[in-house]
Amino acid sequence: AKHLGDDLSAILHTESELHARLAEMAREIEADYADEPPLLVGVLKGAVMVMADLARELRFHAQMDWMAVSSYGAGTKSSGVVKILKDLDADITGRDVLIVEDIIDSGLTLHWLKENLESRGARSVRICTMLRKPEALKVQVDVAYVGFDIPVEFVVGYGLDYAENYRNLRDVAVLAPHVYSDDG
Ligand code: PRP
Ligand code: MN
Ligand code: MG
């Protein structure tokens, strides 16, 4: 089988950088939610790794819930029209919700999701993301906690996939362009 490290052109953030940054973010989150822990809402599948690591960094009870959403409509990716494939188990009325994401790219998914959760009567809805591409944003998204801002490149690992692969890579890496470009 092909080695996981093949076809990567650069390591953007190592596993230890990601964990160190998550620890800093966890201290901020603990301070901000000193009165009552938020419900952590992970967005499947990309957020699985950051959810697992962030939740274990937190020194309060970290309840987790999950949503699966899919962008559909005109474009193939991030049309801004979102369909819920798996909804929350929890009723979030009156609750503080912290959405946990691996990456904000165009921002369309999170823009929609934040409004959707607010409309259910949550007391507060904030966003925590490991990565953000500021230059790819198509819509303004208010993000409370950002791990790293990154350039507009095709990144994989730490939950992020290319055709469902690479999610289990421990680092965040840039995928070599020959993997996804038309001329191979
Ligand atoms: C990716 C990523 C974010 C979203 C960001 O998920 O995990 O959820 O896209 O894109 P946006 O800011 O342009 O909306 P994807 O739809 O690939 O599903 P996955 O998490 O299962 O990989
Ligand atoms: Mn995702
Ligand atoms: Mg994906």
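These remarks concern the structure in this document. (Residues numbered from 1 in each chain as written. Chains lettered and ligands numbered in written order. Predicted model: local features only at pLDDT ≥ 70, side-chain atom pairs only at ≥ 80, totals over all residues. Heavy atoms only, no water.)

**Side note on the site of ligand 1**
The environment of ligand 1 is made up of 16 residues, and the closest members are Glu101, Asp102, Ser106, Gly107 and Thr109. For ligand 1, an oxygen atom lies 2.7 Å from a polar atom in the side chain of aspartate 102. Contact between ligand 1 and serine 106: an oxygen atom at 2.5 Å from a side-chain N or O atom of the residue. Surface burial for ligand 1 is 83%, taken as the share of its 500 Å² of free accessible area covered by protein chains. Taken together, the elements giving at least two residues each to the shell around ligand 1 come down to strand 5 (96-104) and helix 3 (108-118). In terms of residues, the shell around ligand 1 owes the most to one element, strand 5, which gives 4 residues. Counted by class, the shell around ligand 1 contains 4 nonpolar, 5 polar and 7 charged residues. (Near = heavy atom within 4 Å. Polar contact = N/O pair within 3.5 Å; in protein donor to acceptor, adjacent residues only side chain to side chain. Areas by Shrake-Rupley, 256 points an atom, 1.4 Å probe, with all protein chains shown as cover. Helix = DSSP H or I, 4+ residues; strand = E, 2+ residues; numbered from the N terminus. Nonpolar A, V, L, I, M, F, W, Y, C, P; charged D, E, K, R; others polar.)

**Side note on the side chain of aspartate 96**
Within the secondary structure, aspartate 96 sits in strand 5. Within the local environment of aspartate 96, its side chain forms a polar contact with the side chain of serine 124, the two groups lying 2.6 Å apart.

**Topic: the sheet that holds strand 1 (residues 8-13)**
Two pairing modes exist for strands in a sheet, parallel and antiparallel, and in both the strands are linked by backbone hydrogen bonds. Strand order in this open sheet of 3 strands is 1-9-8, and the pairing throughout is antiparallel. In this open sheet, the two strands that pair with only one neighbour each are strand 1 and strand 8 (155-156). For strand 8 and strand 9 (residues 172-175), the ladder comprises 2 bridges, and the chain directions are antiparallel. Bridging from a neighbouring strand, valine 155 pairs with valine 174 of strand 9. (Pairing = 2+ DSSP bridges.)

**Digging into unusual backbone geometry**
Here the residue pair leucine 44 and lysine 45 is connected by a cis peptide bond, since its omega of 0 degrees sits within 30 degrees of zero. Its location among the elements puts lysine 45 in the loop between strand 2 (39-44) and helix 2 (48-57). For alanine 163, which is not a glycine, the phi torsion comes out positive at approximately 50 degrees. The residue alanine 163 is located in the loop between strand 8 and strand 9 in this model.

Note that all results are geometric; they support no functional claim without further evidence.
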